[in-house]
Amino acid sequence: MPIDLYYMSLSAPCRAVLLTAKMVGVELNLKVVNLLAGEQMKPEFLKINPQHTVPTLDDSGFVLTESRAICAYLANKYGKDDKLYPKSPKDRAVVDQRLFFDLGVFYSAFSDYYYPVIFRGAKSLDDGKKKKLDEALRFFNMFVSDRDFAAGDHLTIADLSLMASASTMERVNPKIFDEYPKIKEWMERCKNQIPDYHDLNEVGADIFGQIGQSALAKIH
């Protein structure tokens, strides 16, 4: 039976799960949760996920939250081989490190810098947080400077998660990667290997970008 995914296309983590499901051939029963309208606080959703976050996966009663954990679960359970999430301890450790980097450094630095203006009404961007974002971008540019993909020589769930993040960042600030050519090259390689990339990721990233650019235009 289809797996339920509670999601919102604006969310980069949700789109990472969509990309992973597509890569492993899993059919998802998509259930939209409009965070901007507060639907995550409805009692029926809180019963499924008391943390009221998306994405939330329900696989025949097995409920899992946190996008990177969901991506790993889907690859482990439904992947036809271990390319997306290698079984080799060392290879998997590198994939995990990149996933944790995406969560704790890459997208975190982006959201810390831009979210106060986009979602919380801040009237200016914080220069100190800009330095942290620049540092994160330099780190990732270094990661992909000597390899084709984020964790090695082929696409993994680390790339899917990081691509959802990077595309969102680029839609908010189209020039964000101008000084990081290796990131741009990596993005093009990923786009060419991910089926239905435009519909599953770029459409939602575009909508997020419109919201972000509209908010930023008000402070310039």
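Remember, predicted model here, so these are calculated numbers, not experimental data.

Asker: What am I meant to see in the pattern of salt bridges here?
Answerer: Opposite charge on two side chains makes pairing possible when the charged atoms of those side chains draw close. According to the stated counting rule, one finds 14 salt bridges in the structure shown. With its nearest N and O atoms 2.9 Å apart, the salt bridge here joins Lys 130 to Asp 134. Of the two residues, Lys 130 and Asp 134 are both situated in helix α5 (residues 127–143); the distance of four residues between them amounts to about one turn of the helix. The salt bridge involving Asp 206 is made with Arg 171; its shortest N-O contact spans 2.5 Å. Residue Asp 206 is located in helix α8 (residues 197–217), and its partner Arg 171 is located in helix α6 (residues 157–172); the two are separated by 35 residues in the primary sequence.

Asker: Sorry, what's going on with the packing of helix α4 (residues 89–120) against α5 here?
Answerer: The angle between the axes and the distance between the axes are what describe a pair of packed helices. Their axes nearest at 9 Å, the elements α4 and α5 cross at an angle of 150°. By the criterion of interaxial angle, the relationship of α4 to α5 is roughly antiparallel. α4 and α5 meet at a crossing whose hand is left-handed. Here Gln 97, Arg 98, Phe 101, Val 105, Phe 106, Ala 109, Phe 110, Asp 112, Tyr 113, Tyr 114 and Pro 116 of α4 come into contact with α5, specifically with Lys 129, Lys 130, Lys 132, Leu 133, Ala 136, Leu 137, Phe 139, Phe 140 and Phe 143. Residues that form the contact of α4 with α5 fall into these classes: 14 nonpolar, one polar and five charged.

Asker: What is the right way to read the side chain of Asp 4 from this model?
Answerer: Mapped onto the elements, Asp 4 comes out in strand β1 (residues 3–7). Looking at Asp 4, its side chain comes within polar contact range of the side chain of Asn 29, at 2.7 Å. Contacts of Asp 4, omitting those with residues within four sequence positions, involve Asn 29, Lys 31, Thr 56, Leu 57 and Asp 58.

Asker: How should the environment of Ala 158 be read in this particular structure?
Answerer: Tracing the backbone through its elements, the reader meets Ala 158 in helix α6. With a relative accessible area of 0%, Ala 158 lands in the buried category. Separated by 62 residues in the primary sequence, Ala 158 and Asp 96 have C-alpha atoms spaced 7.4 Å apart.

Asker: Help me out: how do you make sense of unusual backbone geometry in this one?
Answerer: Excluding glycine, most residues fall at negative phi; most peptide bonds, likewise, are trans. For the bond running from Val 54 to Pro 55, omega is 5°, close enough to zero to count as cis. For Pro 55, the position within the fold is in the loop between α2 (43–48) and β3 (56–59). For Ser 60, which is not glycine, the phi dihedral falls at a positive 55°. Mapping Ser 60 onto the fold places it in the loop between β3 and β4 (62–65).

Asker: Hey, could you run me through helix α7 (residues 181–193) in this one?
Answerer: Because each turn of an α-helix spans 3.6 residues, side chains separated by three or four positions in sequence point in the same direction. Its 13 residues give α7 an end-to-end C-alpha distance of 19 Å, which sits within 8% of 18 Å, the value for a rise of 1.5 Å per residue. Among the residues making up α7, those that are buried are Ile 183, Trp 186, Met 187 and Cys 190. One side of α7 carries all its buried residues, which in axial view fall inside an arc of 105°.

Asker: Help me understand the layout of surface pockets, please; the structure alone is not making it clear to me.
Answerer: The probe, sized like a water molecule, is rolled over the atoms to show the empty space still left. Considering only enclosed or pocket space, the largest pocket measures out at about 640 Å³ in volume. In terms of lining, the largest pocket is formed by 25 residues, of which the most central are Ser 11, Pro 13, Leu 35, Val 54 and Tyr 115. Residue assignment for the lining of the largest pocket shows that the elements contributing at least two residues are α1 (12–24), α3 (67–78) and α4. Here the lining of the largest pocket gets eight residues from one element, more than from any other, and that element is α4.

Asker: For this particular structure, what's the right way to read the nonpolar core?
Answerer: The tendency in soluble globular proteins is for nonpolar side chains to be buried as a group. Core analysis: the biggest nonpolar cluster contains 72 residues, and Phe 140, Ile 157 and Trp 186 have the highest contact counts within it. Listing elements by their share of this core, those giving two or more residues are β1, α1, α3, α4, α5, α6, α7 and α8. The dominant element in this core, judged by the number of residues it contributes, is α4, at 12 residues. The contact partners of Ile 157, leaving out residues within four places of it in the chain, are Thr 20, Cys 71, Ala 72, Ala 75, Leu 84, Tyr 85, Val 95 and Leu 99.

Asker: Honestly, the packing of aromatic side chains in this entry has me stumped. Any pointers?
Answerer: Taken as a whole and judged by the stated rule, the model has 17 aromatic pairs. Consider the rings of Phe 101 and Phe 143, whose centres lie 5.0 Å apart with planes at 70°: the pair is edge-to-face. Pair noted here: Phe 101 is in helix α4 and Phe 143 is in helix α5, with a separation of 42 residues, a long-range link. Residue classification places Phe 143 among the buried residues on the basis of a relative accessible area of 15%. On the numbers, 6.2 Å between centres and 85° between planes, the contact of Tyr 107 with Tyr 115 is edge-to-face. When its relative accessible area of 18% is taken as the criterion, Tyr 115 is described as buried. One aromatic cluster is present, built from ring pairs that chain together Tyr 107, Phe 110, Tyr 113, Tyr 114, Tyr 115, Phe 119 and Phe 208. A cation over an aromatic ring shows up here: Arg 92 above the ring of Tyr 85, its NZ or CZ 3.7 Å from the ring centre.

Reading guide: rules and limits
Residues numbered from 1 in each chain as written. Predicted model: local features only at pLDDT ≥ 70, side-chain atom pairs only at ≥ 80, totals over all residues. Heavy atoms only, no water. Salt bridge = Lys/Arg side-chain N within 4 Å of Asp/Glu carboxyl O. Helix = DSSP H or I, 4+ residues; strand = E, 2+ residues; numbered from the N terminus. Axes fitted to C-alpha atoms, helices over the stretch in contact; angles between N-to-C directions. Parallel < 35°, antiparallel > 145°, perpendicular 65-115°, else oblique. Left-handed = near helix turned anticlockwise from the far one by under 90°. Contact = heavy atoms within 4.5 Å. Nonpolar A, V, L, I, M, F, W, Y, C, P; charged D, E, K, R; others polar. Polar contact = N/O pair within 3.5 Å; in protein donor to acceptor, adjacent residues only side chain to side chain. Buried < 20%, exposed > 50% of the residue type's maximum accessible area, 1.4 Å probe, protein only. Expected span 1.5 Å × (residues − 1). Arc of directions from axis to C-beta. 1 Å grid on protein atoms, 1.4 Å probe; cavity = no way out; pocket = protein on both sides within 12 Å on 5 of 7 lines; lining within 4 Å. Points joined across faces, edges and corners; volume = space filled by probe spheres on them. Core = buried A, V, L, I, M, F, W, Y, C linked by side-chain atoms within 4.5 Å. Phe/Tyr/Trp six-rings, centres within 6.5 Å; stacked < 30°, edge-to-face > 60°. Lys NZ or Arg CZ within 6 Å of the ring centre and 35° of its normal.

Shape is all these values report; function is a separate question.
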